[in-house]
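What the coordinates show
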Amino acid sequence: MSIKEVRRDFPVFRHYPSLAYLDSAATAQKPQSVIDAVKGFYERENANVHRAVYPLAEKSTALYESSRSEVARFIGAERDELIFTKGSTESLNIIANALATSGRYKTFVVPTFEHHSNFLPWQYHSLKNEIKFVALPIMGAELTMTEVEENLTGVEAPFVFSIGGLINATGYRTPFEDLTELVHSFGGLIVIDGAQLVPHEIFDFKKVNSDFLVFSGHKMLAETGIGCLVGRAELLDDLTPFVFGGGMVDRVSIETSSYAKERTSRLEGGTQNISGAVSLASACRYLNKIGMSAIHKHVSYLTETAREMLKQISNVTVYSPPDSHAILLFSHKNIHSHDLAEFLGRTQEVAIRSGHHCAQLQMEALGITSACRASFYFYNTVEDVERLIEGISKAERWFL
Ligand SMILES: Cc1ncc(COP(=O)(O)O)c(C=O)c1O
């Protein structure tokens, strides 16, 4: 499929033909097939799931559950290892809350370059539950296995180590496969925040052998308000639910209650985002149609092209490490990142993000408080990259 054909699948580019959308790390644009899947659900299948026995409700339940199976297949997990949530933030909060209150874990370890969604829940729950909190210091934007090993030596086990697969501020791909082995050898559990990773490469939950994986639908073409918490079956069976209410209960009595045996029901209290699940399954189908390897290759090419071009601008500093993927963090010596992003957006139709990127400690480690972030997906073109570079030159003429 050519890039022209791909872009035709995304209505946003019909409505804004000259938009250079370089903010997919914040949220991805949606293809027509995903929009149609949501519309089709509301037109033909809408009823609540796991409740009523009339045919429309059975159809809705079947679609919701087949969506679960499809999404689980996409990341190499079993269908009953995947819990639908609102997104990565909610998934991480559910895990941190349950592991903290289990009384089993002595230490939570989180590197300082994490997105706040993968830092704050661990910090908060460790403080609340007298669990030791280790913020693994990151100098710059990368970590080494030796550094992690040194930090884990002496950490009281059992512990939980939570790390992003692809760091949202810089695009640094962590060695999460090797870290999984290392953490297990030290007697810890590993949680992988796949919010930025899963949209960009094939993730095989069984093969990676991590204990948990979380990700968000909206960063991989689906609706907002849908995401996943994936966990090894025995660990999910042990998680205390975060949400108590309809659909997750077995027997209720005044004294005490028992909860659904099936882990997907027990951990999905209340009415779920059914159309969101349908949209996420549709997104996985679309990504498979394009091919995750082709997506990775195209995005690598765009990232490298943009990096080389940015490096040619003498007043621009690129903070992303050399092998970062899909995301480039940079700043201009003489133009504040917010001014640059606003100029690019309003006058050039180039959409990038500016600020601390929900990663204040990562900014601190880089010696800055704010920077610009351009992020790429498979619907972007080299022309989008050239527009970014030309836009920065125009901003220099405008501001300086
Ligand atoms: C690495 C990472 N983790 C977690 C999140 C939070 O995701 P959500 O807002 O979809 O819950 C983000 C969002 O940008 C992210 O990039």
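Residues numbered from 1 in each chain as written. Predicted model: local features only at pLDDT ≥ 70, side-chain atom pairs only at ≥ 80, totals over all residues. Heavy atoms only, no water.

Comments concerning the overall build of the protein
- Assigned secondary structure in the protein consists of 16 helices and 15 strands.
- The globule rule puts the C-alpha radius of gyration for 400 residues at 21 Å, and the 22 Å found for the protein is close to it.
- Counting only C-alpha atoms and orienting by the principal axes, one finds that the protein spans roughly 70 × 55 × 35 Å.
- Relative to its 400 residues, the protein shows a buried fraction of 56%.
- Within the protein, counting contacts between residues at least 6 apart in sequence, those at least 24 apart form 69% of the total.
- By element, 52% of the accessible surface of the protein is carried by carbon and sulfur atoms, the whole surface being about 17000 Å². (Helix = DSSP H or I, 4+ residues; strand = E, 2+ residues; numbered from the N terminus. Rg over C-alpha atoms; globule rule 2.2 N^0.38 Å. Buried < 20%, exposed > 50% of the residue type's maximum accessible area, 1.4 Å probe, protein only. Contact = heavy atoms within 4.5 Å. Areas by Shrake-Rupley, 256 points an atom, 1.4 Å probe, with all protein chains shown as cover.)

Examining the nonpolar core
- Formed by 96 residues in total, the largest nonpolar core has its most connected members in Phe161 and Phe378.
- Broken down by element, this core gets its largest block of residues, ten residues, from helix H12 (residues 274-290).
- Residues in contact with Phe161, not counting those within four places in the same chain, are Val109, Pro111, Leu136, Val148, Leu152, Leu179, Val183, Leu189, Ile190 and Val191.
- The next biggest cluster of nonpolar side chains, apart from the first, holds 24 residues, and it includes Ala98, Trp122, Val214 and Leu229. (Core = buried A, V, L, I, M, F, W, Y, C linked by side-chain atoms within 4.5 Å.)

Quick word on the environment of Thr271
- Following the sequence through the fold, Thr271 ends up in the loop between helix H11 (263-266) and H12.
- Overall, the relative accessible area of 53% leaves Thr271 in the exposed class.
- As for Thr271 and Gly187, which are separated by 84 residues in sequence, their C-alpha atoms are 37 Å apart.
- Dropping the residues within four chain positions of it, Thr271 is found in contact with Asn48 and Arg51.
- Within the structure, Thr271 has its side chain in polar contact with the side chain of Asn48 (distance 3.0 Å). (Polar contact = N/O pair within 3.5 Å; in protein donor to acceptor, adjacent residues only side chain to side chain.)

Here's the deal with the side chain of Thr85
- Within the secondary structure, Thr85 sits in strand E2 (residues 82-85).
- At 3.2 Å, the side chain of Thr85 and the backbone oxygen of Gly87 are in polar contact.
- With residues near it in sequence (within four places) discarded, Thr85 still touches Glu90, Ser91, Ile94, Gly225, Ile226, Gly227, Cys228 and Leu229.

Considerations on the packing of helix H4 (residues 55-74) against H12
- It is at 8 Å that the axes of H4 and H12 come closest, and there the two elements cross at 40°. Taken together, H4 and H12 sit at an angle that is classed as oblique. The way H4 lies across H12 gives a crossing that is left-handed. Two secondary-structure elements touch here, H4 through Ser60, Leu63, Tyr64, Ser67, Glu70, Val71 and Phe74 and H12 through Ile274, Ala277, Val278, Leu280, Ala281, Cys284, Arg285, Leu287 and Asn288.
- Across the contact of H4 with H12, the residue classes tally to eleven nonpolar, three polar and two charged. (Axes fitted to C-alpha atoms, helices over the stretch in contact; angles between N-to-C directions. Parallel < 35°, antiparallel > 145°, perpendicular 65-115°, else oblique. Left-handed = near helix turned anticlockwise from the far one by under 90°. Nonpolar A, V, L, I, M, F, W, Y, C, P; charged D, E, K, R; others polar.)

Topic: the sheet that holds strand E3 (residues 107-111)
- Read across the sheet, seven strands follow the order E2-E8-E7-E6-E5-E3-E4 without closing on themselves; strand pairing throughout is mixed. Strands at the two margins of the open sheet, each flanked by one partner only, are E2 and strand E4 (132-136). Going from strand to strand, the sheet's axes swing by 20° on average, the running direction of each strand aside.
- Here strand E7 (residues 212-216) pairs with strand E8 (residues 227-231) via five bridges, running antiparallel. Opposite Leu213, over in E8, you have Val230 as the bridge partner.
- Each of strand E5 (159-164) and strand E6 (188-193) touches helix H8 (residues 176-185); the most contacted strand, E6, lies at about 160° to it. (Pairing = 2+ DSSP bridges.)

Some words on the site of the ligand
- By nearness alone, every residue bordering the ligand is listed as Gly87, Ser88, Thr89, His115, Ser117, Asn168, Asp193, Ala195, Gln196, Ser216, His218 and Lys219.
- Ser216 has a polar side-chain atom sitting 2.7 Å from an oxygen atom of the ligand.
- Contact between the ligand and Lys219: an oxygen atom at 2.6 Å from a side-chain N or O atom of the residue.
- Burial of the ligand by the surrounding chains reaches 85%, relative to a free accessible area of 390 Å².
- Considering only residue class, the shell around the ligand consists of one nonpolar, nine polar and two charged. (Near = heavy atom within 4 Å.)

Topic: helix H6 (residues 120-128)
- When H6 is considered as a whole, its buried residues turn out to be Pro121, Trp122, His125 and Ser126. Each buried residue of H6 lies within a common arc of 120° when the element is viewed along its axis, so the set occupies one face. Summarising the geometry of H6, the exposed residues directed more than 90 degrees from the buried face are Leu127 and Lys128. (Arc of directions from axis to C-beta.)

A word on the sheet that holds strand E12 (residues 327-332)
- Pairing in this open sheet of four strands is antiparallel, and the strands run E11-E12-E15-E14 from one edge to the other. In this open sheet, the two strands that pair with only one neighbour each are strand E11 (316-318) and strand E14 (353-355). When the angles between neighbouring strand axes are averaged without regard to direction, this sheet yields 30°.
- Judged from the four bridges that link them, E12 and strand E15 (residues 371-375) form a sheet pairing that is antiparallel. Bridging across to E15, Ile327 finds its partner in Ser375.
- Of the strands in this sheet, E11 and E12 touch helix H13 (residues 292-311), which is tilted by about 15° from E12.
- Helix H16 (residues 382-399) rests against E11, E12 and E15 of the sheet, and its axis sits at about 10° to E12.

Things to note about the state of the cysteines
- The full count for this structure, using the stated rule, is zero disulfides.
- Left without a disulfide partner, Cys284 is nearest to the cysteine sulfur of Cys228, which lies 7.7 Å away.
- Its sulfur unpaired, Cys372 is 15 Å from the next cysteine sulfur, which belongs to Cys358. (Disulfide = S-S within 2.5 Å.)

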